[in-house]
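Reading the structure
Each chain is listed here by its residues.
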Amino acid sequence: MRIPNYGEIRAQTILFDLNGTLGESGKVGEEVKHLLERLADKYTVVVLSADTFGTLEEEFRELPVRIERVSSGAEKAEIAKGYEPYIAVGNGNNDVAMLEGAELAFCVIGPEGATTDALLASDVVVRDVKDAIAMLLDERKLIATLRG
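Everything quoted here is computed from the prediction, not taken from an experiment.

The subject of this paragraph is the overall build of the protein chain. Helix and strand content of the protein chain: 7 helices and 8 strands. Over its C-alpha trace the protein chain gives a radius of gyration of 14 Å, about what one expects of a compact globule, namely 15 Å for 148 residues. With the C-alpha coordinates of the protein chain rotated into their principal frame, the extents come out at 45 × 30 × 30 Å. Here the protein chain, with 148 residues, has 51% of them falling under the buried criterion. Counting only contacts in the protein chain whose residues sit at least 6 apart along the sequence, the fraction spanning at least 24 positions is 52%. As displayed, the protein chain has an accessible area near 7200 Å², and 44% of this comes from carbon and sulfur atoms. Taking the average place of the 16 positive charges on the side chains of the protein chain and the average place of its 26 negative ones, the gap between the two points comes to 5 Å.

Structure below.
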């Protein structure tokens, strides 16, 4: 996708954090799951998580997404490199390196908040992951936000 006065986004993969980004306390809402299914028609969708609440496999079992278990932000960033160029969506300190390495980075400031470092590592800040997904499903929304 070409964004006037911003540049070209070539990524075909979107990397998501789970807790605080896609869901709360390890649970992902049905509306978000439906949006991920739609997004998977357009991109490879990957969820990177330490699985703090032990729900990773259960939450994504029937969805067309890849899941990768990580133990740290450094490991998350290392795995992310294998998907370059990628789009990243996160909210916490363990997402910062992944966000910094992304071709396009979203910070979600949801009910669990977001860290200042994640915010500063991002290109776009949204209040809900559904807003980020909506922008990725309808590139005109993203262009309206990013064009220079």
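What follows continues from the structure just given.
Close contact between helix α6 (residues 129-137) and helix α7 (residues 139-146) brings their axes to 4 Å; oriented N to C, the two are set at 105°. The angle between the axes of α6 and α7 places the two elements in the roughly perpendicular class. Residue-level contacts link Ala-134, Met-135, Leu-136 and Leu-137 of α6 to Glu-139, Lys-141, Leu-142 and Thr-145 of α7. A class-by-class count of the residues in the contact of α6 with α7 yields 5 nonpolar, 1 polar and 2 charged.

The subject of this paragraph is the sheet that holds strand β4 (residues 44-49). As summarised here, the arrangement of the 6 strands in space is β5-β4-β3-β6-β7-β8, forming an open sheet in which the pairing is parallel. Because the sheet does not close on itself, it has two edges, and the strands there are β5 (66-69) and β8 (124-126). In this sheet, adjacent strand axes meet at a mean angle of 20° when their direction is disregarded.

Time to look at the nonpolar core. With 35 residues, the main nonpolar core has Phe-16, Leu-22, Leu-36, Phe-60, Ile-87, Phe-106 and Leu-142 as its most contacted residues. In terms of residues, this core owes the most to one element, α6, which gives 5 residues. Residues contacting Leu-22, with those up to four places away along its chain left out, are Phe-16, Asp-17, Val-28, Val-32, Leu-36, Val-47, Phe-60 and Val-129.

What counts, and at which threshold
Residues numbered from 1 in each chain as written. Predicted model: local features only at pLDDT ≥ 70, side-chain atom pairs only at ≥ 80, totals over all residues. Heavy atoms only, no water. Helix = DSSP H or I, 4+ residues; strand = E, 2+ residues; numbered from the N terminus. Rg over C-alpha atoms; globule rule 2.2 N^0.38 Å. Buried < 20%, exposed > 50% of the residue type's maximum accessible area, 1.4 Å probe, protein only. Contact = heavy atoms within 4.5 Å. Areas by Shrake-Rupley, 256 points an atom, 1.4 Å probe, with all protein chains shown as cover. Lys, Arg positive; Asp, Glu negative; His and termini not counted. Charge placed at Lys NZ, Arg CZ, Asp CG, Glu CD. Axes fitted to C-alpha atoms, helices over the stretch in contact; angles between N-to-C directions. Parallel < 35°, antiparallel > 145°, perpendicular 65-115°, else oblique. Nonpolar A, V, L, I, M, F, W, Y, C, P; charged D, E, K, R; others polar. Pairing = 2+ DSSP bridges. Core = buried A, V, L, I, M, F, W, Y, C linked by side-chain atoms within 4.5 Å.

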